[in-house]
Structure formats: C-alpha cells, structure tokens
Amino acid sequence: MHAVDLFCGAGGSSTGMVAAGVEVRTAANHWALAIDTHNTNHPDTDHELADLREVHPSRFTWTEILWVSPECTSHSLSKGRKSKSI
C-alpha cells in the first residue's frame, strides 16, 4: 500500500502508516518548518512545500491511500484565537 500525507506536520500520521506497512510516497504542508521536520523523520518520502488550497490533486502521485489531516490554522489554536473555557 502507498499513501500521500497532506497537512503532514512533523510526520506523526506518516509514522503510524509506516508502522502499519504503508509506504508514504509524498508528504505536503504549507509550512516550511513542518516539511523540514517531516523530512528529518521520513527522509525517503518526497516532500512538497505548497499551499494545499491552491494545489490540484493531480500534482501528487497516485496512491491507494490519501491521508489528509485537519489544517492547523483553521482547526487549532495556531490561528491565534484563545481557547474557550468549558
């Protein structure tokens, strides 16, 4: 099995896929530090630094698995919002 990991971050999802026997062919993220870190953790993976909102899916190689994590700037505190107390 082969995968593309979008919004790859530092590579936690890729690490899990590799542990399950999946070859992660390409990892992509919009943040250079994430790509650099993912490359350190997964040097055999091709890496793309790109704004994934503007990339056509055909840019990536065909795989059986497409793993897409939530975009951190819209789904976490990295957007600069304070968390709401429960």
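Anything mentioned here points back to the structure above.
As the structure is a prediction and not an experimental result, all values here were calculated from the model.

(A) Here's a closer look at the nonpolar core. In this structure, Val4, Leu6, Phe7, Ala28, Ala50, Leu52, Val55 and Phe60 together form the largest nonpolar core, which totals eight residues. The residues touching Val4, leaving out its near neighbours within four places in the chain, are Thr26, Phe60, Thr61, Thr63, Ile65, Leu66 and Trp67.

(B) Up close: the side chain of Asn29. Secondary-structure assignment places Asn29 in strand β2 (residues 23–29). Here His30 takes part through its side chain, which lies 3.4 Å from a polar atom of the side chain of Asn29. Ignoring sequence-local partners within four residues, the contact set of Asn29 consists of Phe7, Cys8, Gly9, Ala34, Ile35, Glu48, Leu49, Ala50 and Leu52.

(C) Geometry of the pattern of salt bridges. Counted under the stated rule, the structure contains two salt bridges. In this structure, the salt-bridge partner of Glu48 is Arg59, at a minimum N-O distance of 2.7 Å. Taken together, the residues span a long stretch of sequence, with Glu48 in strand β3 (residues 46–49) and Arg59 in the loop between β3 and β4 (65–68) at a distance of 11 residues. Assessed through its relative accessible area of 22%, Glu48 is described here as partly exposed. Salt-bridge contacts for Arg53 lead to Asp51; the nearest nitrogen and oxygen are separated by 2.9 Å. Arg53 sits in the exposed class, given a relative accessible area of 65%. Here Asp51 falls in the partly exposed class, since its relative accessible area comes to 25%.

Procedures and definitions
- Going along each chain's sequence as written, the residues are numbered from 1 onward.
- This being a predicted model, a pLDDT of at least 70 is required before a residue's local features are given, and a value of 80 or more before pairs of side-chain atoms are given or counted; all residues contribute to the totals for chains, interfaces and linings.
- For side-chain calculations, the full set of non-hydrogen atoms in the structure is used, while hydrogens and water are omitted.
- Only buried residues count toward a nonpolar core, which is a set of Ala, Val, Leu, Ile, Met, Phe, Trp, Tyr and Cys residues joined through side-chain atoms within 4.5 Å.
- Here the term buried applies to any residue with accessible area under 20% of the maximum for its type, exposed to any over 50%, and partly exposed to those in between, with areas from a 1.4 Å probe on protein chains only.
- Contacts are residue-level and defined by heavy atoms, with any inter-residue pair within 4.5 Å sufficient.
- A helix here means a DSSP run of H or I that spans at least four residues, while a strand means a run of E at least two residues long, and both kinds are numbered starting from the N terminus.
- A 3.5 Å cut-off defines polar contacts: any pair of N or O atoms within that distance qualifies, except that in protein one atom must be a possible hydrogen donor and the other a possible acceptor, and neighbouring residues in sequence count only when both atoms are side-chain atoms.
- Between Lys or Arg on one side and Asp or Glu on the other, a salt bridge is scored when a side-chain nitrogen of the former is within 4 Å of a carboxyl oxygen of the latter.

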